[in-house]
Amino acid sequence: MQIRGSSRRDHRRQNGQAITELGVSLVVFLLLLTGLLDLGRVYYFTSALRGTAFAAARHAAWFSNNQRQNPYLDDSDITTAVNEGLAGANLATVTGVQGTCPNPSDSNSYHNPPYDNSLYPTGINQTYLYVCYTTPGGTVTGSQATAPGPYISTWHLGDVNVILLFNYGLVTGFLQNQLQAVGGIKVAANAHFTIQGGP
């Protein structure tokens, strides 16, 4: 009889231990699962931002042979093209071009990443749009209110650089708070296109 009572107690202890181990394992599993989900989302958003920057820069650089001008080489048309790409990826749209051409935080002179953290949006899952318009002579500006008129070839063989800076928000609130303390996950995408033109 005594042996049976002791084996029941051991059996209950083993059941309690199994439930505790299962609980700890589930917590670890859920953390791994949300981490994988976040990595997948970062990859998806980065791909979407790169595609959007590329499409907007290509759109801006296009030359219309019929109109003899670059009809989309301006802030408003680039903003429209960017917003179409962002909406297609279910990302929040931008309100417009930030108005300055951001300087990189390293020594490159082409306004390519990396950029200083102060240039990124402070809100989570928001995007800032910057555009660098460079003339063939090397003059850089961060804003262009209107497209060049017909038969104006001063931009021919210049460069347009569309830059999207994104502040990524994690699925898990606890980890997001920790990342915000160290600056969060900053994603940068940019695309250069040579501005087309003709005589």
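Placed above this text is the structure.
Residues numbered from 1 in each chain as written. Predicted model: local features only at pLDDT ≥ 70, side-chain atom pairs only at ≥ 80, totals over all residues. Heavy atoms only, no water.

S.K.: Help me understand the packing of aromatic side chains in this model?
M.R.: The geometry of two aromatic rings is summed up by the distance between their centres and the angle between their planes. Summed over all chains, the structure comprises six aromatic pairs. Look at F54 and F193: their rings are 5.2 Å apart centre to centre, the planes differ by 65°, and that puts the pair in the edge-to-face class. Taken together, the residues F54 in helix α1 (residues 2-61) and F193 in strand β4 (residues 185-194) connect sequence positions 139 residues apart. Where W62 meets Y72, the ring centres are 5.9 Å apart and the plane angle is 25°; that geometry is what we call stacked. (Phe/Tyr/Trp six-rings, centres within 6.5 Å; stacked < 30°, edge-to-face > 60°. Helix = DSSP H or I, 4+ residues; strand = E, 2+ residues; numbered from the N terminus.)

S.K.: I tried to follow the nonpolar core on my own but got confused; where do I start?
M.R.: Inside soluble globular proteins, nonpolar side chains tend to come together where they are buried. Ranked by internal contacts, the top residues of the largest apolar core, which has 32 residues, are L49, I78, V82, L129, V160 and V162. Of all elements in the fold, only α1, α2 (75-88), β1 (126-134), β3 (159-168) and β4 reach the threshold of two or more residues within this core. No other element matches the eight residues that α1 contributes to this core. Listed in part, the eight residues of the second largest apolar core include Y115, L119, I163 and L165. (Core = buried A, V, L, I, M, F, W, Y, C linked by side-chain atoms within 4.5 Å. Buried < 20%, exposed > 50% of the residue type's maximum accessible area, 1.4 Å probe, protein only.)

S.K.: Teacher, can you tell me more about the sheet that holds β3 here?
M.R.: One key point about sheets: their strands pair by backbone hydrogen bonds, in either a parallel or an antiparallel sense. Taking strand neighbours across the sheet as the criterion, the four strands line up as β2-β1-β3-β4 in an open arrangement whose pairing is antiparallel. A single partner strand is all that each edge strand has here, and the edge strands are β2 (140-141) and β4. Bridge analysis of β1 against β2 gives two bridges, and the strand direction is antiparallel. Residue pairing across strands places Y133 opposite T141, the latter belonging to β2. Running over the sheet, α2 touches β1 and β3 and is turned about 140° from β1. (Pairing = 2+ DSSP bridges. Contact = heavy atoms within 4.5 Å. Axes fitted to C-alpha atoms, helices over the stretch in contact; angles between N-to-C directions.)

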